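If you want the building blocks of each chain, they are given just below.
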Amino acid sequence: MVLPSKMPQLADLDLLLSVESFGSVGKAAQAHSLSQPAASIRISAMERRLGLRLLERSPTGSKLTEEGELLARYARNVMHAARELLEFGSGFRASEAKRLRVAASPAVSEHLLPEWLNRSGFSFGEARVEVRTGSVDTLRQLIRASQVDLAFIDGWCQAGGHGQKLFRDDVVTQYICDDKLAVVVGSKHPWAKRSGPLTVAELASAQLVLRERGSGLREFTDELLGAARAPRGYVEFPSNAAIKQAVATSRRVTVLNVSTVRSELAEGRLHLVAVDQEMPAKPIYAAWSERGLPEYARELVEIAASKVSPMPVGDRGTRLAGPRLMAEETAKTA
């Protein structure tokens, strides 16, 4: 067939998808190594050729119109097919089944994803596994732009976030497990051998090590301590690795999600301390495009969702976490 003259160019469709992701023609232009005027001209020319109004422009940014969103949905399919064609033409089509592009929020990519990959039977010598990380917004953009096959998000990635509400209808989500908060101390702390539960007032008056303000983990910690009126001092760090190091070598106390301290608990460098109230938890979700999952990605989701929990089963911390959590863990491993 002969393509009609008004058929959009692939580069222009790709530019439109970037405007949708970034919410700005200027940022999309940067991503495509274009000037903002050049990007605007290309979008306007595509609007004229199609006879559609694709963008709503304002001083604060640009968003797609209803017609623009519909075109973007078709454009994502076109771009996905174009990438497959390019790889076929470059001689990589035979290895496509052995490639997995996965993204995850920072805690998941650092503490859970390596274990899931190892348990899934992946051989790093046989498969090309590319892992990226970022915020919920970044992961959403990667999925919708077909730059990853699969993403894992957790509730700590964005303050107050709810995984299933963060994505639109063109993204599929599946619940994986819950990641629970826990009070953590080093082996030198007297609470490491404590048999009874800790009160929130005791926790609030301890020497604390906390995540920075604005992080999801800090928000949930402040909610936990909010009812306690005792004055407290604390040290802030912008990473869980720094917090764990500070706690392991001192008598300070912290609150972390269990997935980030499993190896230290197993080694005895850190210990969980029971609290006299239920600790909050946030769900971890897998998310992918409605177009479906490659074979390796499906296998990884199944492994991640199969009898997994961030809680290190068998560690003494499981006994200290409370009867409700023990019941949950027993059910998962039955």
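Higher on the page you've got the structure.
The shown structure was predicted, so the numbers you read here are calculated from the model rather than taken from an experiment.

Chemist: What's the story with the packing of helix α1 (residues 10-22) against helix α3 (residues 36-50) in this structure? I'm lost.
Modeler: When two helices pack together, you describe them by how their axes are tilted relative to each other and by the distance separating the axes. Contact pair α1 / α3: the axes reach a minimum separation of 10 Å and the direction vectors enclose 110 degrees. Relative to α3, the element α1 lies roughly perpendicular. Crossing angle aside, the handedness with which α1 passes α3 is left-handed. Residue-level contacts link A11, D12, L13, L15 and L16 of α1 to A39, R42, I43, M46 and R49 of α3. Of the residues in the contact of α1 with α3, the class split is 7 nonpolar, no polar and 3 charged.

Chemist: I tried to follow the environment of S109 on my own but got confused; where do I start?
Modeler: With respect to the secondary-structure elements, S109 resides in helix α5 (residues 106-111). S109 gets classed as buried once you look at its relative accessible area, which sits at 18%. Through-space distance from the C-alpha of S109 to that of T133 is 6.7 Å; in sequence the pair is 24 residues apart. If we ignore the near neighbours within four places in the chain, the residues touching S109 are A104, P114 and T133. For S109, the side chain forms a polar contact with the main-chain oxygen of P106, separated by 3.0 Å.

Chemist: It is not clear to me how the pairing of strand β7 (residues 208-211) should be interpreted in this structure. Could you clarify?
Modeler: For a regular strand, the rule is simple: side chains alternate between the two faces of the sheet. As paired elements, β7 and strand β8 (residues 234-237) share 4 bridges and run parallel to each other. Each residue of the ladder has a partner; that of L210, found in β8, is E236. Bridging between β7 and strand β9 (residues 253-257) involves 2 bridges; their strand directions are parallel. Note that in β9 the partner of L208 across the bridge is V253.

Each value, and the rule that gives it
The residue numbering used here restarts from 1 in each chain and proceeds along that chain's sequence as written. At least 70 in pLDDT is required for a residue's local features to be given in this predicted model, at least 80 for side-chain atom pairs to be given and counted, and no such filter applies to totals for whole chains, interfaces and linings, which use all residues. For the side-chain quantities, the full set of heavy atoms in the structure was used; hydrogens and water were omitted. Every angle, taken between N-to-C directions, lies between 0 and 180 degrees, and every axis is a line fitted to C-alpha atoms, over only the stretch in contact when it is a helix. Helix and strand definitions follow DSSP, with helices as H or I runs of at least four residues and strands as E runs of at least two, each counted in order from the N terminus. Roughly parallel means an angle under 35 degrees; roughly antiparallel, over 145; roughly perpendicular, 65 to 115; everything else is oblique. In this scheme, a crossing is called left-handed if the near helix is turned counterclockwise away from the far one by less than a right angle; it is called right-handed if the turn is clockwise. For this analysis, residues touch if any pair of their heavy atoms sits within 4.5 Å. Asp, Glu, Lys and Arg are counted as charged, while Ala, Val, Leu, Ile, Met, Phe, Trp, Tyr, Cys and Pro are counted as nonpolar; the rest, among them Gly, fall into the polar class. Only protein chains enter the accessibility calculation, which uses a 1.4 Å probe. A residue is then buried if its area is under 20% of the maximum for its type, exposed if over 50%, and partly exposed in between. Pairs of N or O atoms within 3.5 Å make up the polar contacts considered here, provided that, within protein, one atom can donate a hydrogen while the other can accept it, and that residues adjacent in sequence are counted only when both atoms are side-chain atoms. Two strands make a pair as long as DSSP finds a minimum of two bridges between them.

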